[in-house]
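Each chain, written out:
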Amino acid sequence: MENSQFYLGVETSGRYGSIAISHAQQLLQTDLQQQGRKHAQTLVAEVKNLLNQLKLAPNQITGIGVSRGPGSFTGLRIGAAFAKTFGYVTGCPVLGVDTFEAIALNCPPEISETYVISNAQRGDLFVGKYRKISDNQWESASEIRLWEIADFCRSLKPGDTVNGPGIELLDTSSLLEYRLLEPEFRNPDAAKIAVITARILQNSPPAEHAALSEVWDLTPFYLRKSAAEEKWDATRQMNAD
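What you see is a predicted model, and the numbers here were worked out from it, not measured in a lab.

## Some remarks on the overall build of the chain
The secondary structure content of the chain amounts to seven helices and 10 strands. By sequence separation, contacts in the chain at least 24 residues apart represent 63% of the contacts at least 6 residues apart. Here the chain displays about 12,700 Å² of accessible surface, and carbon together with sulfur accounts for 49% of that area.

Right under this line is the structure:
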C-alpha cells in the first residue's frame, strides 16, 4: 500500500475488544477473538494480521491510540501496555483516548448532547456528559464521576439522552421520558479510537507529536480501586487495628 498516514486504534476497555486502522477516509476494523481478560493472548498476533492485510510494516503507523477508560481494570492495562510497547518500538506517538468520547462519537447525527454511562460495579455507574462539537468530535461537558444508579436516574431531566453499556443496568420501563440509545450505539470500538487519534495528530504540527505522545506515562483512567485492591486494603487495615 502506498506510503501515507495510518492510525492504529486499540479498544480493550470492555468484554469485547477490537483493533482498527484509519487511512484517509477508510477504516478497517476487526474484533479481537478472545474476550475480557484474554485480550492479551491474541492482541499482538491480531494487530500483526491486520497490518498484513494492508501490507503495512509496523513503522508505517503514524500514531497509535488506545482506549484509556473508564472500563475493565485488566483490559485497560493490557491495551495501555501494548500501545506503549508498540510506540516505543516503532517511534510513533502514543495517545490515550477517552473511552466515553469514543462512545459519544457513536451517537446518531441528530444527537448533540448525551450522558455516557458504564458499569462501575457494586451498584454504581461511571457517568460523563458530552457535547458535540463537529461530526467527528465531542467534548466533555462534565467530569466523569461515580453515581449510584438510583441517584443518576433521579438526576435526569425529560428529553435527556443516555448512551453507553451502563444502560443495561437501568430499569428502562421507568425512564420513558428519556432517550436511551439502542445497543448498537452503546459500546466503544477501535474505529472511533483511531478516528480520534487521527484528528488529534492531524490538527497538531508534526513537531509537537513527540510532546503529545504518552509512550512513557500513559496510565489507564480509574476512578476507584479494583475489588481485589479494596479487599487487600481492608485486610491490611484490619490487621493494623
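So that's the structure; there's more coming.
## Considerations on helix α2 (residues 73-90)
Note that an α-helix has 3.6 residues per turn; residues three or four places apart therefore point the same way. Taking 1.5 Å per residue, 18 residues should reach 26 Å; α2 reaches 26 Å between its end C-alpha atoms and fits that length. Along α2, the positions that sit buried rather than exposed are F73, G75, L76, I78, G79, A80, F82, A83, F86 and G87. Looking one or two residues past α2, G91 carries a phi angle of roughly 85 degrees, positive in sign.

## Focus on the side chain of D160
Mapped onto the fold, D160 is located in the loop between α4 (149-155) and β9 (161-163). Of the side chains with opposite charge, K129 lies nearest to the buried D160, which makes no salt bridge, at 5.5 Å. In this structure the side chain of D160 is engaged in a polar contact, spanning 2.8 Å, whose partner is the backbone nitrogen of K157. Dropping the residues within four chain positions of it, D160 is found in contact with Y115, Y178 and R179.

## Section: the pairing of strand β2 (residues 16-23)
Along any regular strand the residues' side chains alternate between the sheet's two faces. Within β2, seven of the eight residues are buried, which leaves it mostly tucked inside the rest of the structure. Counting the residues that bridge the hairpin from strand β1 (residues 6-11) to β2 gives four residues.

## Some thoughts on helix α5 (residues 190-202)
Look at α5: 18 Å from first C-alpha to last across 13 residues, which is about the 18 Å you get at 1.5 Å a residue. Those residues of α5 that fall on the buried side of the exposure criterion are A190, A191, I193, A194, I196, T197, A198, R199 and L201. You can read the cap of α5 off the contacts: a side-chain oxygen lies 3.2 Å from the backbone nitrogen of A191, and it is on D189.

## Re a nonpolar patch on the surface
Among the surface-exposed residues, Y88, V89 and W216 lie close enough to one another that they form a single nonpolar patch of about 450 Å² accessible area. Following the sequence through the fold, Y88 ends up in helix α2.

## What to know about the environment of A57
As for its placement among the helices and strands, A57 is situated in the loop between α1 (39-53) and β4 (63-69). On a C-alpha basis, the gap between A57 and T90 in space is 9.7 Å, while along the polypeptide they are 33 residues apart.

What counts and how
- Each chain has its residues counted from 1, running along the sequence as written.
- Reporting in this predicted model follows two pLDDT cut-offs: at least 70 for local features of residues, and 80 or more for side-chain atom pairs to be given and counted; totals over whole chains, interfaces and linings ignore these cut-offs and use all residues.
- Only heavy atoms go into the side-chain values, all of them from the structure, while hydrogens and water stay out.
- Secondary structure follows DSSP: runs of H or I at least 4 residues long count as helices, runs of E at least 2 residues long count as strands, and numbering of each begins at the N terminus.
- Here, two residues are considered to be in contact whenever any of their heavy atoms come within 4.5 Å of each other.
- Per-residue and other accessible areas were derived by the Shrake-Rupley procedure at a 1.4 Å probe size, with only the shown protein chains allowed to occlude residues.
- Under the convention used throughout, the expected extent of a helix is 1.5 Å for every residue step, that is, one less than its residue count.
- In this scheme, a residue with accessible area under 20% of its type's maximum is buried, one over 50% is exposed, and one in between is partly exposed, where area comes from a 1.4 Å probe on protein chains only.
- Positive charges come from Lys and Arg, negative ones from Asp and Glu, while His and the chain ends are left out of the count.
- In the sections that follow, a salt bridge refers to a side-chain nitrogen of Lys or Arg positioned within 4 Å of a carboxyl oxygen of Asp or Glu.
- Definition of a polar contact: a pair of N or O atoms within 3.5 Å, with one able to donate and the other able to accept a hydrogen when the atoms are protein atoms, and with sequence-neighbouring residues admitted only if both atoms are side-chain atoms.
- We treat two strands as partners when DSSP finds at least two bridges between them.
- Any residue with relative accessible area above 30% and no salt bridge may belong to a patch, with like charges joined within 9 Å and the nonpolar Val, Leu, Ile, Met, Phe, Trp and Tyr side chains within 5 Å.

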